[in-house]
Amino acid sequence: MKENKYWRSCAMISLDKRFSHLYIEQAVWDHPDVQRIRELFPKAVCIPISRYTDVFNRAKQSYETQYARQNLILAKKHGTFLYEGAPVCHDFGNQRFFYTAMAINCLYNCEYCWLKGMYNSANLVLFVNLEDAFQETEQRLEEGPMYLSLSFESDLVPLEPFTHQITRWNTFVKQHAGLTAEIRTKCGSTAIYETLEASDRFITAFTLSPQVLIDAMEHGTSSLAQRLDAVNAAMRNGFPVRICFDPMIRIPDWKTAYEELIHTVADKVDLSAVKDFSIGTYRQSDTYQRRMRRRFPASAVLQYPYETKNGYCQYPEPEKTEMEQFLKHALLQYVREEQIYLLEDNV
């Protein structure tokens, strides 16, 4: 991995100045990845801890205040490494759909992110015992082929300069014929697709939003133009690409914003070369939604009058269907219907 080049390509976030403190579990203090990461952050204060939860799970933490001074926790993951995909997530027709979370929280600060309702802390947690995740994945593969989401609780692409998780998963996928993996990102870096060897079972998925929504709610993420550059770089270098218009947010004049988004994407990307597309409106665990509303009372996206169904908040009908069908119709001007995955009403 060409770290310096990659680092510069993620310039929207100054990674080398991001973490003033590294909290390191004593059990992994001498782990090779920990030593390598410490060298990349020579100015950071390194603090030994017993368990990452002692720092991460503390009560009365201010998410927004903490995000502005986000720190990195290096830890060892215990227990289960793979989890079955939730019904509110696209499975893209895969019977055995799993996700893993070897990183928790994100360098980005999207207002609607469900992690803000799940965790008390904005600090970033990196589990360095990736070899244990590989071992459990191999055990699961003995039961049959599987589809694995790698970036479920974090955007791994901007983390790659110091985690190398994507690089290692990419190699692992190549060595295991029954495994298909996906990374999903809002990062506009192109370097990773120029340095990794592509595989037809290593899918790069890009979340694309109207620029007005990016500016208003997806703080710290790459612009739409940067993301489209990354889409083209991934395809140019042989990676299968998925484009995700998900989550759709009912912003003012949303029809115009999303129609312009589709036209812009079609103008900048050869959509005939895209593997598939996903469409989904905002949806959220009711428990997380209530917690996020308390924490962020001024957020328009969180305070919207959603309806709750089977434990999940979502847009009321017919708003949900109107939004999804509108975007699908706009997309059908350019692609085949069988390429479009629309989340079924199963929540």
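Residues numbered from 1 in each chain as written. Predicted model: local features only at pLDDT ≥ 70, side-chain atom pairs only at ≥ 80, totals over all residues. Heavy atoms only, no water.

Undergrad: For unusual backbone geometry, give the residues involved together with the corresponding values.
TA: Excluding glycine, a negative phi dihedral is what most residues carry, and trans is how most peptide bonds are arranged. In this structure, Pro247 follows Asp246 across a cis peptide bond, with omega equal to 10°. Tracing the backbone shows Pro247 in strand 13 (residues 241-248). Residue Glu317 is joined to Pro318 through a cis peptide bond whose omega torsion reads 10°. Tracing the backbone shows Pro318 in the loop between strand 17 (312-314) and helix 15 (319-331). Its identity is not glycine, yet Asn105 carries a phi of approximately 80°, on the positive side. (Helix = DSSP H or I, 4+ residues; strand = E, 2+ residues; numbered from the N terminus.)

Undergrad: Can you explain the pairing of strand 8 (residues 124-127)? Please cite residues and give values.
TA: Residues Leu124 and Leu126 point to one face of strand 8 and Val125 and Phe127 to the other, with burial holding for every one of them. Bridge count between strand 6 (residues 103-104) and strand 8: two bridges; the pairing is antiparallel. Across the sheet, Ile104 pairs through a bridge with Val125, a residue of strand 8. (Buried < 20%, exposed > 50% of the residue type's maximum accessible area, 1.4 Å probe, protein only. Pairing = 2+ DSSP bridges.)

Undergrad: Explain the pattern of salt bridges residue by residue, including any values.
TA: Inspection of the entire model under this criterion finds 18 salt bridges. Between Arg250 and Glu319 there is a salt bridge whose closest N-O contact spans 4.0 Å. Residue Arg250 is found in the loop between strand 13 and helix 12 (254-268), and its partner Glu319 is found in helix 15; the two are separated by 69 residues along the sequence. The class for Arg250 is partly exposed, based on a relative accessible area of 22%. In this structure, Lys328 and Glu337 form a salt bridge, with 2.9 Å as the shortest nitrogen-oxygen distance. Under the relative-accessibility criterion, Glu337 is labelled partly exposed at 45%. (Salt bridge = Lys/Arg side-chain N within 4 Å of Asp/Glu carboxyl O.)

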